[in-house]
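Read off the chains here:
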Amino acid sequence: TDALRRACRTALGAFNARRVSLWSYDVSAKTITIVAVEDPSGDSPGDGFTWPGVNVDDFHAAAQALSERAPQLVRDAQMNGFFPESLARDLGIGSILLVPLFFGGPVGVLAVEPPTQPLSPDQDHAVALAASTLGGLQVRHDAAQLRSDAQLLLELTAVLPQEDSLSQATGIVCERL
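First, a word on what this report is: a plain description of the structure on this page. (Residues numbered from 1 in each chain as written. Predicted model: local features only at pLDDT ≥ 70, side-chain atom pairs only at ≥ 80, totals over all residues. Heavy atoms only, no water.)

### Quick word on the overall build of the protein chain
Line of reasoning, step 1. Secondary structure summary: the protein chain contains 5 helices and 6 strands in total.
Line of reasoning, step 2. Listing the helices and strands of the protein chain from first to last along the sequence gives α-β-β-β-α-β-α-β-β-α-α.
Line of reasoning, step 3. The burial tally for the protein chain puts 37% of its 177 residues in the buried class.
Line of reasoning, step 4. Relative to all contacts within the protein chain whose residues are 6 or more apart in sequence, the contacts with residues 24 or more apart total 55%.
Line of reasoning, step 5. Of the roughly 9700 Å² of accessible surface on the protein chain, 54% is carried by carbon and sulfur atoms. (Helix = DSSP H or I, 4+ residues; strand = E, 2+ residues; numbered from the N terminus. Buried < 20%, exposed > 50% of the residue type's maximum accessible area, 1.4 Å probe, protein only. Contact = heavy atoms within 4.5 Å. Areas by Shrake-Rupley, 256 points an atom, 1.4 Å probe, with all protein chains shown as cover.)

The structure is reproduced here in structure tokens:
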């Protein structure tokens, strides 16, 4: 989305990076998925491509950043085992800084390539924008899911009392799920 790209562009300037990306963390699925990438050219590498989610247990550096609430520096992402090796190779990632993002709870990581300097207060606004953008998108997604679930329950509440047997009611529930 435009909001994700804007957050990436802000981080790109604040970190003076070659490339930044936003990775969204799905707590319930235990996956982390790249959702936006930006480089100085303004072209969005991967535009239109849906990146696969990575099990957070296979992405040790991201898991560590989120659990410790501290940035993690990965010096050679293609060789060290803290970054999914094939993904690092496919994306051409060498050294990378993973900054954890929180919006109430963990929402993802901001990845900065290459890490050019330690984190400084000058970059706080970029980290806050990335966290609030990802968090806001997750809240809207969760709200849409809740609306969908509520609609289903309302429909079932209207239909189920009209069924003659528990078996028929169960069949209706199974059809709707």
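### Things to note about the sheet that holds strand S6 (residues 105-113)
One key point about sheets: their strands pair by backbone hydrogen bonds, in either a parallel or an antiparallel sense.
Line of reasoning, step 1. Spatially, S3-S2-S1-S6-S5-S4 is the arrangement adopted by the 6 strands of the open sheet, whose pairing is antiparallel. If you trace the sheet from one side to the other, it starts and ends with strand S3 (54-55) and strand S4 (72-74), each paired once.
Line of reasoning, step 2. As judged from the 7 bridges shared by strand S1 (residues 19-26) and strand S2 (residues 31-38), these two strands associate in the antiparallel manner. Bridge assignment links Asp26 to a residue of S2, and that residue is Thr31.
Line of reasoning, step 3. Running at roughly 40° to strand S5 (residues 96-103), helix H2 (residues 60-68) makes contact with S1, S2, S4, S5 and S6 of the sheet. (Pairing = 2+ DSSP bridges. Axes fitted to C-alpha atoms, helices over the stretch in contact; angles between N-to-C directions.)

### A look at the environment of Gly81
Line of reasoning, step 1. The topology assignment puts Gly81 in the loop between S4 and helix H3 (85-91).
Line of reasoning, step 2. A C-alpha to C-alpha distance of 7.6 Å links Gly81 and His60, two positions 21 residues apart in sequence.

### Focus: the side chain of Asp39
Line of reasoning, step 1. Following the sequence through the fold, Asp39 ends up in the loop between S2 and S3.
Line of reasoning, step 2. With no salt bridge to any partner, buried Asp39 finds its closest opposite charge in Arg19, at an N-O distance of 6.6 Å.
Line of reasoning, step 3. Here the side chain of Asp39 touches Ser41 through a polar contact of 2.5 Å, side chain to side chain. (Lys, Arg positive; Asp, Glu negative; His and termini not counted. Salt bridge = Lys/Arg side-chain N within 4 Å of Asp/Glu carboxyl O. Polar contact = N/O pair within 3.5 Å; in protein donor to acceptor, adjacent residues only side chain to side chain.)

### Description of the pattern of salt bridges
Line of reasoning, step 1. Within the structure shown, the criterion is met by 5 salt bridges.
Line of reasoning, step 2. Arg5 is the salt-bridge partner of Glu38, the closest N and O atoms lying 3.2 Å from each other. With Glu38 in strand S2 and Arg5 in helix H1 (residues 2-15), the pair connects residues that are 33 residues apart, well separated along the chain.
Line of reasoning, step 3. Exposure remark for Arg5: the relative accessible area of 22% places this residue in the partly exposed category.

### Side note on the packing of aromatic side chains
Line of reasoning, step 1. Counting across every chain of the model gives 3 aromatic pairs.
Line of reasoning, step 2. Consider the rings of Trp23 and Phe59, whose centres lie 5.3 Å apart with planes at 75°: the pair is edge-to-face. With a gap of 36 residues between them, Trp23 in strand S1 and Phe59 in the loop between S3 and H2 connect regions that are remote in the sequence.
Line of reasoning, step 3. Centroid distance Phe59 to Phe83: 4.6 Å. Interplanar angle 70°. Geometry classified as edge-to-face. In this pair, Phe59 is assigned in the loop between S3 and H2 and Phe83 in the loop between S4 and H3, connecting sequence segments 24 residues apart. Exposure class is identical for Phe59 and Phe83. Each is buried.
Line of reasoning, step 4. An aromatic cluster of at least three residues, connected via ring pairs, comprises Trp23, Phe59 and Phe83. (Phe/Tyr/Trp six-rings, centres within 6.5 Å; stacked < 30°, edge-to-face > 60°.)

### Digging into the environment of Ala36
Line of reasoning, step 1. Tracing the backbone through its elements, the reader meets Ala36 in strand S2.
Line of reasoning, step 2. Spatially, the C-alpha atom of Ala36 lies 9.8 Å from that of Leu110, the residues being 74 residues apart in sequence.
Line of reasoning, step 3. If we skip the residues at most four places from it in the chain, Ala36 touches Leu4, Cys8, Val20, Ser21 and Leu22.

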